[in-house]
Amino acid sequence: MGGSAGIATGAALSAKMRRSGQVATCFFGDGALGQGLLYEAMNMAALWKLPVIYVCENNLYGEYTPCGETIAGDILARPRALGVHAETVDGQDVQAVFATMRRLVERARRGEGPAFLECKTYRYYGHHVGDVNREYRTREEEKEWMTQHDPLQTLAQRLIAQKLVDESVFERVLTDVKAEIDAGVQFALAAPYPTPEQVNQDVYA
């Protein structure tokens, strides 16, 4: 929760010192807005005009708690208080996110400092594998997001309406993806259990 902000800020400092033209980006949920590290990192990035973009995926819930019960005030007011450029975008709109990020990356490369982007989005399922019942929200809310705000369906309908692709393309993609997932599941189910000797394999610390 928010730990990526420190790593991304360090990477941005490295990019600036090396004059590489690179821009660092980190992603975190709205729950990270209660973490002090995020503000310490943004403060440093603003002071040193680092090329970093902090992307908050606001899915309306910090694990099980509605963000309205944990976030006081305006979200964008927080980075702005530190002098960080801040914007909001519809996180379910692929093209809007792409266009906004491209503009913020260009801004960072011009040396204009960090930016904060709130992507308004939604988590369709549980926060983790054990979060099955999701009693903290209604099934009606989930259905509305899945049917009215699905990013894949929105993009597909837009491209079809603009006659950039044929509807059959998306049907073929769905079929191929389902087949790939099914094959992956069968591969995993058929795989042998690891041996005791493998417990330290690929562990370096």
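Residues numbered from 1 in each chain as written. Predicted model: local features only at pLDDT ≥ 70, side-chain atom pairs only at ≥ 80, totals over all residues. Heavy atoms only, no water.

(A) Looking closely at the overall build of the protein. Secondary structure summary: the protein contains 7 helices and 6 strands in total. Dimensions along the principal axes, computed over C-alpha positions, put the protein at roughly 55 × 50 × 40 Å. For the protein, the share of sequence-separated contacts (at least 6 apart) that also reach a separation of at least 24 residues comes to 70%. For the protein, the distance from the average site of its 21 positive side-chain charges to the average site of its 27 negative ones is 10 Å. (Helix = DSSP H or I, 4+ residues; strand = E, 2+ residues; numbered from the N terminus. Contact = heavy atoms within 4.5 Å. Lys, Arg positive; Asp, Glu negative; His and termini not counted. Charge placed at Lys NZ, Arg CZ, Asp CG, Glu CD.)

(B) Structural view of the nonpolar core. Counting 24 residues, the largest nonpolar core has Phe 28, Leu 33, Leu 38, Val 52, Tyr 54 and Phe 116 as its most contacted members. Listed by contribution, the elements that provide at least two residues to this core are α1 (3–18), β1 (24–29), α2 (36–48) and β2 (52–58). Excluding anything up to four places from it in sequence, Phe 116 contacts Phe 28, Leu 33, Met 42, Tyr 54, Cys 56, Ile 75, Leu 76, Pro 79, Val 84, His 85, Ala 86 and Glu 87. (Core = buried A, V, L, I, M, F, W, Y, C linked by side-chain atoms within 4.5 Å. Buried < 20%, exposed > 50% of the residue type's maximum accessible area, 1.4 Å probe, protein only.)

(C) Geometry of the packing of aromatic side chains. Taken as a whole and assessed by the stated rule, the structure comprises 5 aromatic pairs. With 4.9 Å between their ring centres and 5° between their planes, Tyr 122 and Trp 145 make a pair best called stacked. With Tyr 122 in the loop between β6 (115–120) and α5 (139–148) and Trp 145 in helix α5, this pair connects stretches of sequence that are 23 residues apart. Judged by relative accessible area, Tyr 122 falls into the buried class, the value being 7%. Ring centres of Tyr 124 and Tyr 125 lie 6.4 Å apart, and the angle between their planes is 85°; this geometry places the pair in the edge-to-face category. Since its relative accessible area comes to 56%, Tyr 125 is described here as exposed. Following the ring pairs from residue to residue traces out a cluster consisting of Tyr 61, Tyr 64 and Tyr 136. Between the NZ or CZ atom of Arg 137 and the centre of the ring of Tyr 61, over which it lies, the distance is 5.7 Å. (Phe/Tyr/Trp six-rings, centres within 6.5 Å; stacked < 30°, edge-to-face > 60°. Lys NZ or Arg CZ within 6 Å of the ring centre and 35° of its normal.)

(D) Spotlight on the packing of α1 against α2. Taken N-terminus to C-terminus, the directions of α1 and α2 make an angle of 15°; their axes are 8 Å apart at the nearest point. Overall, the two elements α1 and α2 adopt an arrangement that is roughly parallel. The handedness of the crossing between α1 and α2 is left-handed. Seen from α1, the contacting residues are Gly 3, Ala 5, Gly 6, Thr 9, Leu 13 and Lys 16; seen from α2, they are Leu 37, Leu 38, Ala 41, Ala 45 and Trp 48. Residue composition of the contact of α1 with α2, by class: 7 nonpolar, 3 polar and 1 charged. (Axes fitted to C-alpha atoms, helices over the stretch in contact; angles between N-to-C directions. Parallel < 35°, antiparallel > 145°, perpendicular 65-115°, else oblique. Left-handed = near helix turned anticlockwise from the far one by under 90°. Nonpolar A, V, L, I, M, F, W, Y, C, P; charged D, E, K, R; others polar.)

(E) Region of the structure containing the sheet that holds β1. The 4 strands lie next to each other as β1-β2-β6-β5, forming an open sheet whose pairing is parallel. This sheet does not close on itself; its edge strands, each paired only once, are β1 and β5 (85–90). Strand after strand, the sheet turns through a mean of 20° between neighbouring axes, direction not considered. Relative to β2, β1 runs parallel, the two sharing 6 bridges. Following the sheet pairing, Phe 28 is matched in β2 by Cys 56. Contacts between α1 and the sheet are confined to β1 and β2, with β1 contributing the most and set at about 170° to the helix. Running at roughly 165° to β5, helix α4 (residues 94–109) makes contact with β1, β2, β5 and β6 of the sheet. (Pairing = 2+ DSSP bridges.)

Interpretation note: all reported values are geometric properties and have no functional meaning in isolation.
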